[in-house]
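If you want the building blocks of each chain, they are given just below.
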Amino acid sequence: MKPEMTKRARRKAERPAEILDAAFEEFVKNGYAATRLEDVAARANVTKGTIYFYFETKERVFDEMIRHKSRAFFPELGSYAEELEGSYTSRLHALIVFVYRKIAEDRTSRETLRFLIAEGSRFPDLVDRHYHEFVRPVIDRFRQVIEAGVAAGEFRASPASAFPEIVMSPALLLSLWSMLFGSRKEIDIAVFTEASIDLLMKGLTSGR
């Protein structure tokens, strides 16, 4: 294949992601209802027809944009979790810090949550898929560490160990707090994370 053809094929393969990245910025700026595909096209430096070549409707653009922006997180989490060593207490601590920081500090994660809250009634299937593709795998990572800790005798079998969704709750609170109050009422994320871990660990270990 000639170099110019290779370059053209590569650009064609990259174009859907570029459109979705541009769509993300437009949806953040204007909200779903007010976003126009011609503005997405202008930001992506393509024609509106090019968008329709890859995505049939604005709804499809929005749907694929959420998936595109969420998709990158789990492989990163998976590789991080696989490399954790030491006690299950230290592994759970490290995993919580990683997830909280990613969800609370990462703009993409925060804005994706905002989209899902604002447009969830319009896109119920999208919300369900986001749960299965993003939320549940994160919860499952926490469950694996907690269950292994219970089996090893580090954690007790308790309501906290049986319901790992609780571990995610503080991270969601941080995101909601940021959306509501921005820089007006900032929370020290590191201190908040350690306080949440302290509370959780007491639930997992007290009374063993």
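Look a little higher up for the structure.
What counts, and at which threshold
- Residues numbered from 1 in each chain as written.
- Predicted model: local features only at pLDDT ≥ 70, side-chain atom pairs only at ≥ 80, totals over all residues.
- Heavy atoms only, no water.
- Phe/Tyr/Trp six-rings, centres within 6.5 Å; stacked < 30°, edge-to-face > 60°.
- Buried < 20%, exposed > 50% of the residue type's maximum accessible area, 1.4 Å probe, protein only.
- Lys NZ or Arg CZ within 6 Å of the ring centre and 35° of its normal.
- Helix = DSSP H or I, 4+ residues; strand = E, 2+ residues; numbered from the N terminus.
- Axes fitted to C-alpha atoms, helices over the stretch in contact; angles between N-to-C directions.
- Parallel < 35°, antiparallel > 145°, perpendicular 65-115°, else oblique.
- Contact = heavy atoms within 4.5 Å.
- Nonpolar A, V, L, I, M, F, W, Y, C, P; charged D, E, K, R; others polar.
- Core = buried A, V, L, I, M, F, W, Y, C linked by side-chain atoms within 4.5 Å.
- Left-handed = near helix turned anticlockwise from the far one by under 90°.
- Salt bridge = Lys/Arg side-chain N within 4 Å of Asp/Glu carboxyl O.

Draft legend 1. The arrangement of the packing of aromatic side chains in detail. Following the criterion strictly, the structure yields 12 aromatic pairs and no others. Each ring, one from Tyr54 and one from Phe55, has its centre 6.4 Å from the other, and the planes form 45°; the classification is tilted. With respect to class, Tyr54 is no different from Phe55; both count as buried. Ring pairs connect the aromatic residues Phe24, Phe27, Tyr32, Phe62, Phe115 and Phe123, which therefore count as one cluster. Between Lys58 and the ring centre of Tyr32, over which it is positioned, the NZ or CZ distance is 4.5 Å. The cationic tip of Lys69 hangs over the ring face of Phe24; the distance from NZ or CZ to the ring centre is 4.8 Å.

Draft legend 2. Local environment of unusual backbone geometry. Non-glycine residue Asn45 carries a positive phi angle of around 60°. Note that Asn45 resides in the loop between helix 2 (37-44) and helix 3 (48-54).

Draft legend 3. Region of interest: the packing of helix 5 (residues 73-82) against helix 8 (residues 124-151). Where helix 5 contacts helix 8, the two axes come as close as 10 Å, and the packing angle between them is 10°. One way to sum up the angle between helix 5 and helix 8 is to call them roughly parallel. The segment helix 5 lies against helix 8, with Phe73, Phe74, Leu77, Gly78, Ala81 and Glu82 engaging Phe134, Pro137, Val138 and Arg141. Residues belonging to the contact of helix 5 with helix 8 are distributed by class as follows: seven nonpolar, one polar and two charged.

Draft legend 4. Layout of the nonpolar core. Counting residues in hydrophobic clusters, the biggest one holds 28 residues, and the most contacted among them are Leu92, Ile96, Val99, Val138, Phe142 and Leu204. The leading source of residues in this core is helix 6 (residues 88-105), at nine residues. Excluding residues within four positions of it along the chain, Leu204 makes contact with Leu92, Ile146, Phe155, Arg156, Ser158, Ala160 and Ser161. The next biggest cluster of nonpolar side chains, apart from the first, holds 23 residues, and it includes Ala22, Leu37, Val46 and Phe123.

Draft legend 5. A look at the packing of helix 8 against helix 10 (residues 165-181). It is the contact of helix 8 with helix 10, at a shortest axis distance of 9 Å, that shows an interaxial angle of 130°. In terms of orientation, helix 8 and helix 10 fall into the oblique class. Viewed along their axes, helix 8 and helix 10 form a crossing whose handedness is right-handed. Contacts between helix 8 and helix 10 pair Val138, Ile139, Phe142, Arg143 and Ile146 from the former with Glu165, Val167 and Met168 from the latter. Of the residues assigned to the contact of helix 8 with helix 10, the class counts are six nonpolar, no polar and two charged.

Draft legend 6. View of the pattern of salt bridges. Evaluation of the coordinates by the stated rule reveals 18 salt bridges. Across the pair Glu111 and Arg114 runs a salt bridge whose closest N-O atoms are separated by 2.8 Å. Of this pair, Glu111 and Arg114 both sit in helix 7 (residues 107-119), separated by three residues, roughly a single helical turn. Linked by salt bridges that have partners in common, Arg36, Glu38, Asp39 and Lys48 make up one network.

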